[in-house]
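Single-letter residue listing:
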Amino acid sequence: MNELLDLKGFSGIGRGREKKVALMDPSKQCLICVPLTAKTVKKMLFQLELAKESGADVAELRVDLISGFDAAADLPVLLKDKPLPVIVTPRAKWEGGEYKGSEESRQDILRMAYDLGADYIDVELKVAGGFIQELRSRGKDSTTKIIVSNHNWDFTPSDEEIHATIEQMWATGGDIVKYVTTAQDITDVAQVFHFLSESKGPTIGLAMGPAGMISRLLAPKFGGYLTFGALCKGQESAPGQPTVQDLIEVYRVKSMDRDTMVYGVIGKPVYHSKGPVLHNKGFEELNLNKVYVPLLVDDFNKFMNVFNRPDFHGFSVTIPYKEDALKLCDRVENAAKIIGAVNTVVRETTGEYQGYNTDCEGALSAIEKGLRHSGLANNDETPLKGKLFVVIGAGGAGKALAYGAKERHARVVVANRNYERAKALAESVGGKAIELDQLSDFRPETGMILANSTSIGMEPEVTRSPIHKDALSAYALVFDAVYTPKQTQLLKDAAEMGAVTVSGEEMFYGQAFAQFRYFTDLPAPESAMRDVISKPAAAKKGKLRAPVSAQCSIGTYSRGRMISTRLGFDKLLQRGLYPNSAQFGMLMDKSQVQLVNLAFRC
């Protein structure tokens, strides 16, 4: 194990290490906070109502982002009749914020918020000691809690440095500590979990950046006082911030606790994966205290070593780590050994890893189903028997496809950029190898099957295809393992050339249902899991669903009136901020829908 990541307080990271630590009260639920980033007071008031609708517990008023903010005039308006608790944050430029005034005027905003009874104020460690002492010395009773914050925008310091900084933060006399790092690697997040699990008081711990996403998703499990979720995509206040909707609906953070078992999908890239939506729906349907998260991994072995602990119980493995998973696992099922790739890893109670491959059955079953439904099957038992089966790619998924096709008595051809890898795979299944550049001219017969196992055509490069369109006329069926988007350029071209097409979504379902059984020892609730992907839940009247893409161009009196009425924001209208509901609804449209693609449940 890498000793630099030997985080003893993280309930024993690494194999065979367990240590009990003093934990915060497990009955205290982690709060969800929505940072509000509007540029005007009126728009921030609107966002405050949306935050309440979204299900958030707290809203952070980033007043440093408001243009021309006048504390004396604007703070009372923001704090009067607020629909939920708020944190007032005039973030200094030297701490990553945008406050443009003097330091004294910035601190005056905090003093005023404290005096007006804001639920929380956020004070940076650099100035917290003297500032808090001055506030307390005034002898004025206040219910305002002081958050002492520190942000490292470059990296995650050592355990010793983090511990020393947090001790300084507690010494300032604040009520809550907020320590934020930047994750250069996902294993940096282990240090965040470490100090959260050993905290001696209410602590907010997060790691910014794409690699730090799980620090936000799993904060409730490790005792975090609060985690942040953006109102919608495009309104994040820090890198790697999920949306409040995802926190609540996908990851169910409000029901997460220290006993929650963690599963996830390991890959690079990984945030395109629908795995979290699918598996978390399955867990919810069966009332299981489990969560499935995306894991952006740079070093597979390092990640698996650092997070080898009992409550990180199972992993789906995707590009480019399926062969690494095969090498790492202590035990591997026979089919995965033959294929040479593992896409499912389960941690045994001994700390050993068991490897499986569910790609093969998932992909081949989808292809056979496509042949049968289209009337192309000439053999009831194995529709692929005798067919020429061309596999694009020689990685983990390509190996699964080639192996599965061979087992079903197809003739296999492997096309790959690296000819030597194509040759090695082809020889292992008694097939033929060609270079990928030769594929468009490879037409020895008609009625062939084409299966793409590469990431060509995956979002965001959705216009790419691994083969020229004209060459697809030789194929009876074309399968693409890529499922984001569902209709890839390859499948669009194949359909235009008359081929039957099978989306990678069917393979995704098949392999995921098998993984679910390995993870839980229970059959997957297939209908509910399919529906959450293919038939999103019908929107409920009067509820905000953010973020959902909405191509709206409203701005009309009638539409504005309808929106504001359905949202029921009577308080703002009654406070005289808007002459009528239609103007308020129109403001919502122009400031929110067009900029950040909000949509409403109607």
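Note that residues are indexed from 1 along each chain, following the sequence as it is written. The predicted nature of this model means local features are confined to residues of pLDDT at least 70 and side-chain atom pairs, given and counted, to a pLDDT of 80 or more, with totals for whole chains, interfaces and linings taken over all residues. Side-chain calculation: all heavy atoms of the structure are included, whereas hydrogens and water are not.

(A) Region of the structure containing the overall build of the protein. Every helix listed is a DSSP run of H or I at least four residues long, and every strand listed is a run of E at least two residues long, numbered separately from the N terminus. Across its full length, the protein holds 21 helices and 22 strands. Two residues qualify as a contact provided that any one of their heavy atoms is within 4.5 Å of a heavy atom in the partner residue. If you take every contact in the protein between residues at least 6 apart in sequence, the share linking residues at least 24 apart comes to 69%.

(B) Focus on the packing of aromatic side chains. The aromatic pairing rule takes the rings of Phe, Tyr and Trp, using the six-membered ring of Trp, and pairs them if the centres are within 6.5 Å, calling planes under 30 degrees apart stacked, those over 60 edge-to-face and the rest tilted. As enumerated under the stated definition, the model contains 15 aromatic pairs in all. Ring geometry for Tyr179 against Phe195: centres 5.5 Å apart, planes inclined by 80°, an arrangement best described as edge-to-face. Of the two residues, Tyr179 is situated in strand β6 (residues 176-182) and Phe195 in helix α6 (residues 189-197); the sequence distance between them amounts to 16 residues. Working definition: with a 1.4 Å probe on protein chains only, accessible area under 20% of the residue-type maximum means buried, over 50% means exposed, and in between means partly exposed. Residue class for Tyr179 comes out buried when judged on its relative accessible area of 2%. Ring geometry for Tyr483 against Phe508: centres 4.4 Å apart, planes inclined by 20°, an arrangement best described as stacked. Here Tyr483, found in the loop between β19 (475-480) and α16 (489-496), pairs with Phe508, found in helix α17 (residues 504-520); they are 25 residues apart in sequence, far enough to count as distant. Given a relative accessible area of 6%, Phe508 falls into the buried group. Feature note: the residues Tyr263, Phe283, Tyr292, Phe516 and Phe519 constitute an aromatic cluster, connected by ring pairs.

(C) A look at the UniProt feature "domain: SDH C-terminal" (unreviewed entry) in the protein. In the numbering used here, UniProt assigns the "domain: SDH C-terminal" (unreviewed entry) feature to residues 504-532. Structurally, residues 504-532 comprises 83% helix and 0% strand, and the distance from its first C-alpha atom to its last is 17 Å. UniProt positions are given in the numbering used here, feature names are shortened, and annotations may be inferred rather than shown by experiment.

(D) Inspection of the nonpolar core at higher detail. Side-chain atoms within 4.5 Å are what join buried Ala, Val, Leu, Ile, Met, Phe, Trp, Tyr and Cys residues into a set we call a nonpolar core. The biggest cluster of nonpolar side chains holds 91 residues, and the ones touching the most others in it are Leu61, Val88, Ile121 and Leu218. The greatest single-element share of this core, amounting to seven residues, is contributed by helix α1 (residues 41-54). Those residues in contact with Leu218 that sit more than four places away from it in its chain are Phe193, Met256, Val262, Val291, Val293 and Phe312. Core analysis: the next-biggest nonpolar cluster, separate from the first, contains 27 residues, Leu364, Val414, Ala426 and Ala481 among them.

(E) Quick peek at the sheet that holds strand β3 (residues 86-89). Within the open sheet, the eight strands sit side by side as β7-β6-β5-β4-β3-β2-β1-β8. Their pairing is parallel. A single partner strand is all that each edge strand has here, and the edge strands are β7 (203-208) and β8 (226-228). Taking the axes of each pair of neighbouring strands and ignoring which way they run, one obtains an average angle of 25° across the sheet. Strand direction decides the pairing type here: strand β5 (residues 145-151) and β6, joined by five bridges, are parallel. Paired with His151 across the two strands is Val180, which belongs to β6. Along the sheet face, helix α4 (residues 125-137) touches β4 (120-124) and β5 and points at about 130° away from the line of β4. The pairing criterion for strands is at least two bridges between them, as found by DSSP. Working convention: axes come from line fits to C-alpha atoms, limited for helices to the stretch in contact. Angles between N-to-C directions cover 0 to 180 degrees.

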